[in-house]
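What the coordinates show
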Amino acid sequence: AQSVTQPDIHITVSEGASLELRCNYSYGATPYLFWYVQSPGQGLQLLLKYFSGDTLVQGIKGFEAEFKRSQSSFNLRKPSVHWSDAAEYFCAVARMDSSYKLIFGSGTRLLVRP
Amino acid sequence: GAVVSQHPSRVICKSGTSVKIECRSLDFQATTMFWYRQFPKKSLMLMATSNEGSKATYEQGVEKDKFLINHASLTLSTLTVTSAHPEDSSFYICSARDQSAQGNYGYTFGSGTRLTVV
């Protein structure tokens, strides 16, 4: 069965520092992968997605993610974190069947130190 | 871009009453909509998938008689929590699939509804 693992529950970084949020997936074929961000009490905003092609994907707000098939990973990165990036981040994989369901990881809460 | 409007954003209801949550796709047609429940500091749990004009498909363990889903048009899906109890208090989020998006995998989320049952 497909699954998504985000091993870090919380991550704290200083403003201006670089960031990497980890995501590992379990799926037999090439997956459709997504990163979403959620501010408190809000819905989810799409940061970026990977379907095929270039394994380095650029997203909004200066985020990027790299798909590494050999490691079954799709880690999210940002070179310089801003205080406004503090939020919950979810990695997700889409079921490649007629259900089109999204399977979410457990999320990583990002805290930004001033 | 694609926008999904979810209403209400917050609702407080008395135990035993029913609450309806609406989810509208504003500028695209959504043949498929998903309903999630999110507990505090937890991930999103898929409750059900609704397809326009047909019965919703519920995930294992979700009571279909308690969480009624209707997807009567290509732009509107509703979730009704019937005979609500305090344990139904949660954050509910809808998501609409935009099949015109790349690879048919475009998902737009509503802003969520905070339900409190007292």
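Coordinates for the structure precede this section.
Residues numbered from 1 in each chain as written. Chains lettered and ligands numbered in written order. Predicted model: local features only at pLDDT ≥ 70, side-chain atom pairs only at ≥ 80, totals over all residues. Heavy atoms only, no water.

1. Here we look at unusual backbone geometry
B:H7 connects to B:P8 through a cis peptide bond whose omega is 0°. Mapped onto the fold, B:P8 is located in the loop between β1 (4–7) and β2 (10–13). A positive phi is found at A:K61, a non-glycine position, where the angle reads about 60°. Of note, A:K61 is situated in the loop between β7 (56–58) and β8 (64–68). Its relative accessible area of 46% is what places A:K61 among the partly exposed residues. Positive phi values are uncommon outside glycine, yet A:S72 reaches one of about 50°. (Helix = DSSP H or I, 4+ residues; strand = E, 2+ residues; numbered from the N terminus. Buried < 20%, exposed > 50% of the residue type's maximum accessible area, 1.4 Å probe, protein only.)

2. A look at the nonpolar core
Among the nonpolar cores identified, the biggest contains 26 residues, and A:W35, A:L48, A:F74, A:L76 and A:Y89 are the most heavily contacted of them. Only β2 (10–14), β3 (19–21), β5 (32–38), β6 (44–50), β8, β9 (73–78), β10 (87–94) and β12 (108–113) of chain A provide two or more residues apiece to this core. Among the elements that take part in this core, β10(A) stands out by supplying 4 residues, more than any other. One finds B:F28, B:M33, B:M47 and B:A84 within the second-largest nonpolar core, a separate group that totals 25 residues. (Core = buried A, V, L, I, M, F, W, Y, C linked by side-chain atoms within 4.5 Å.)

3. Thoughts on the environment of A:F90
Residues and elements named next belong to chain A. Positionally, F90 belongs in strand β10. Residue F90 is classed as buried on the basis of its relative accessible area, which comes to 0%. With 67 residues separating them in the primary sequence, F90 and C23 have C-alpha atoms 8.8 Å apart.

4. Quick notes on the environment of B:M45
All names here are of chain B. Following the sequence through the fold, M45 ends up in strand β5 (residues 44–51). Along the backbone, M45 and S89 are 44 residues apart, and their C-alpha atoms lie at a distance of 14 Å. The residues touching M45, leaving out its near neighbours within four places in the chain, are W35, Y36 and R37. (Contact = heavy atoms within 4.5 Å.)

5. Comments concerning the state of the cysteines
Residue and element names in this part refer to chain B. Evaluated as defined, the whole model comprises 2 disulfides over all chains. Just so you know, C13 is unpaired, no disulfide at all, and the nearest cysteine sulfur is the one on C94, 18 Å from it. Overall, C13 belongs to the buried group, its relative accessible area being 8%. (Disulfide = S-S within 2.5 Å.)

6. A few points about the sheet that holds strand β8 (residues 76–81) of chain B
Backbone-to-backbone hydrogen bonds pair the strands of a sheet. The strands run either parallel or antiparallel. Residue and element names in this part refer to chain B. Spatially, the 4 strands line up as an open sheet ordered β1-β3-β8-β7, and their pairing is antiparallel. The open sheet has two free edges, formed respectively by β1 and β7 (67–73), since each of these has just one partner strand. Each adjacent strand pair in this sheet contributes to an overall mean axis angle of 15°, direction not counted. Pairing between strand β3 (residues 19–25) and β8: 6 bridges, direction antiparallel. Bridged to I21 within β8 is L79. (Pairing = 2+ DSSP bridges. Axes fitted to C-alpha atoms, helices over the stretch in contact; angles between N-to-C directions.)

It is worth stressing that arrangement in space is one thing and function is another; only the former is reported here.
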